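Summary of the model geometry
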Number of protein chains: 2
Amino acid sequence: MSGKLFVISGPSGVGKNTILNRVVESRDNVQYSVSATSRAMRPGEVDGKSYYFVTRGEFEAMLARNELLEYAEYVGNYYGTPLGPIETATGSGVDVVMDIDVVGALKIRQRVENAVLVFVAAPSFDAIRQRLAGRGDVSADVMQSRLERAKWEYSQAGQYDYIIVNDSVERATQELLAIMTAEKCKTMERIHFVKEEL
Amino acid sequence: MSGKLFVISGPSGVGKNTILNRVVESRDNVQYSVSATSRAMRPGEVDGKSYYFVTRGEFEAMLARNELLEYAEYVGNYYGTPLGPIETATGSGVDVVMDIDVVGALKIRQRVENAVLVFVAAPSFDAIRQRLAGRGDVSADVMQSRLERAKWEYSQAGQYDYIIVNDSVERATQELLAIMTAEKCKTMERIHFVKEEL
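Residues numbered from 1 in each chain as written. Chains lettered and ligands numbered in written order. Predicted model: local features only at pLDDT ≥ 70, side-chain atom pairs only at ≥ 80, totals over all residues. Heavy atoms only, no water.

Focus on the sheet that holds strand β6 (residues 77–82) of chain A
Residue and element names in this part refer to chain A. So the rule is basically this: Pairing between strands requires that DSSP locate at least two bridges from one strand to the other. Secondary structure elements are taken from DSSP: a helix is a run of H or I of four residues or more, a strand is a run of E of two residues or more, and numbering for both begins at the N terminus. By the convention used here, residues are in contact when the closest approach between their heavy atoms is within 4.5 Å. Fitted lines through C-alpha atoms serve as axes, helices being fitted only where they are in contact, and the angles separating the N-to-C directions of these axes extend from 0 to 180 degrees.
Here 4 strands make up an open sheet; going across it, the order is β4-β3-β6-β5 and the pairing mixed. Since the sheet does not close on itself, it has two edges, and those belong to β4 (52–53) and β5 (68–74), each with one partner. Both strand β3 (residues 36–37) and β6 contribute to a ladder of 2 bridges, which runs antiparallel. Bridge pairing in β6 places T37 opposite Y79. Where helix α2 (residues 56–64) meets the sheet, it contacts β3, β5 and β6, and its direction lies at approximately 40° from that of β6. Across the sheet, helix α3 (residues 83–91) lies against β4, β5 and β6, angled at about 25° from β6, the strand it touches most.

Things to note about the relation of the copies chain B and chain A
In plain terms, the rule: Least squares is the method for superposing the copies, and the C-alpha atoms it fits come from residues with pLDDT of at least 70 in both.
When chain B is brought onto chain A, the operation consists of a screw motion whose angular component is 180° and whose axial shift is 0.0 Å, with 0.0 Å RMSD remaining. When the rotation and shift are considered jointly, the pair of chain copies conforms to a two-fold rotation axis. Residue A178(B), judged by its C-alpha, is the member of chain B lying nearest the rotation axis, at 2.2 Å.

Remarks on the pattern of salt bridges
We apply this condition: Any carboxyl oxygen of Asp or Glu within 4 Å of a side-chain nitrogen of Lys or Arg constitutes a salt bridge here. Only protein chains enter the accessibility calculation, which uses a 1.4 Å probe; a residue whose area is less than 20% of its type maximum is buried, one above 50% is exposed, and one in between is partly exposed.
All told, the structure shown has 30 salt bridges over all chains when counted by the stated rule. Residue D95(B) is joined to K184(B) by a salt bridge in which the shortest nitrogen-to-oxygen separation is 3.2 Å. Pair noted here: D95(B) is in strand β7 (residues 95–99) and K184(B) is in helix α7 (residues 169–184), with a separation of 89 residues, a long-range link. Both residues of the pair, D95(B) and K184(B), count as buried. One salt bridge in this structure joins K186(B) and E183(B), with 3.1 Å as the shortest N-O distance. Among the ionic contacts, a cluster of salt bridges with common partners joins K4(A), E183(A), K186(A) and E189(A).

Points about the pairing of strand β1 (residues 5–9) of chain B
Residues and elements named next belong to chain B. With respect to burial, β1 is a largely interior element, 5 of its 5 residues being buried. Alternating residues of β1 divide into L5, V7 and S9 and F6 and I8, and every residue in both groups is buried. Of the strand pairs in this sheet, β1 and strand β8 (residues 116–121) are connected by 4 bridges, and their pairing is parallel. In the strand pairing of β8, V7 is matched with L117.

Focus on the sheet that holds β8(B)
Residue and element names in this part refer to chain B. Pairing is parallel across the open sheet formed by 5 strands, whose spatial order is β2-β7-β1-β8-β9. Looking along the sheet, the strands with just one partner apiece sit at the ends: β2 (30–32) and β9 (162–165). Between one strand and the next, the sheet's axes are offset by a mean angle of 25°, whatever the strand orientation. Sheet contacts for helix α4 (residues 102–111): β1, β7 and β8; angle to β1, the most-contacted strand, approximately 155°.

Re the packing of helix α5 (residues 125–134) of chain A against helix α6 (residues 140–155) of chain A
All names here are of chain A. Counted only if it meets this: Oblique is the label for any angle not under 35 degrees, not over 145, and not in the 65 to 115 range, which are roughly parallel, roughly antiparallel and roughly perpendicular in turn. Note: crossing handedness is left-handed where the near helix turns anticlockwise from the far helix by less than a right angle, and right-handed where it turns clockwise. Note that Gly is not counted as nonpolar here; it falls among the polar residues with everything else outside the nonpolar set of Ala, Val, Leu, Ile, Met, Phe, Trp, Tyr, Cys and Pro and the charged set of Asp, Glu, Lys and Arg.
With their axes 11 Å apart at the nearest point, α5 and α6 run at an angle of 140° to one another. By the criterion of interaxial angle, the relationship of α5 to α6 is oblique. The crossing of α5 and α6 is right-handed. Counting all contacts with α5, which are made through F125, I128, R129, L132 and A133, the residues of α6 involved are M143, R146, L147, A150, K151 and Y154. Of the residues assigned to the contact of α5 with α6, the class counts are 8 nonpolar, no polar and 3 charged.

So, unusual backbone geometry
Residues and elements named next belong to chain A. A positive phi angle is found at V75, which is not glycine, with a value near 35°. One can find V75 in the loop between β5 and β6. Residue V75 is classed as exposed on the basis of its relative accessible area, which comes to 81%.

Here it is as structure tokens:
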């Protein structure tokens, strides 16, 4: 049985990382997608785990070969999602999860037809505000721009397959695990089994 | 949040009842659909629990009022699925499960758009043969006709939303529970939550 790609988005501060860490820890056949980047490796980072560290030239060659599902440039560095490792994992029955913004998620959907898009919403906008504020010094301007970004992200949620409301990390994790299990039970994924018996 | 109707089919002897009993026992917000019948109540049966016991005239009046999702007549008695109790349950957030043959399931899909159809397959046809044989004296003719029926049912599995292979009751139960959870997370079911925040 092949694995699937699960693409998770949601506003900054909504708890996506906590949920994904729990999901990856709780199942053997799930792994993170590793991004490629042209930025320099930092102390403690591991090539192929934190990122695939490549030069700008190598990154541009990957782009030219259409090997990236999506990419973006931030402060002079490239970041992108290589398709190869995802295909290797899903081909051997391993599910792949990734946390990516809405723009990247919608690009991935165009390339990977059976990717499953999951939007993580906060219990309320107040909850987002509190979580962002709780992360330390945030100016009113930055806070405002993050909240506007979150509103825009919410406006795109209808394009996702599933919505999880993170009012409890435990429940949100269980819901994501249930989605991953259910997606493997979809008729398209299992009809071959029934056909073999006919 | 509203509940959903989960319609389970699969060959006789595949273990649907065991799976459904475990699902209903393991969650508070799940109940069985209760059929209506014109046959006489038997000792130990409870009206409104085993069946809704009605007269032939009452059953035909329900039919005339279009209150039954599907019905059939066996050995002179009517059996059918009343829509009302299902709507009451799902309207109050309770999921409803039912075990029904393929013909009935496909009729229900026509009336209840968001019904979820789950096909339970055996690990192999040999497994079906063994389970049917294990139930006691079965003539070769009856066995043959049941296996042919099972083959026909398998040929319709592609019309279902999900397929569960019952190679382990525990795993099959977990998969059905996961499907029920995931269905509640579908964007269509939750988009109202996100829209409220916009």
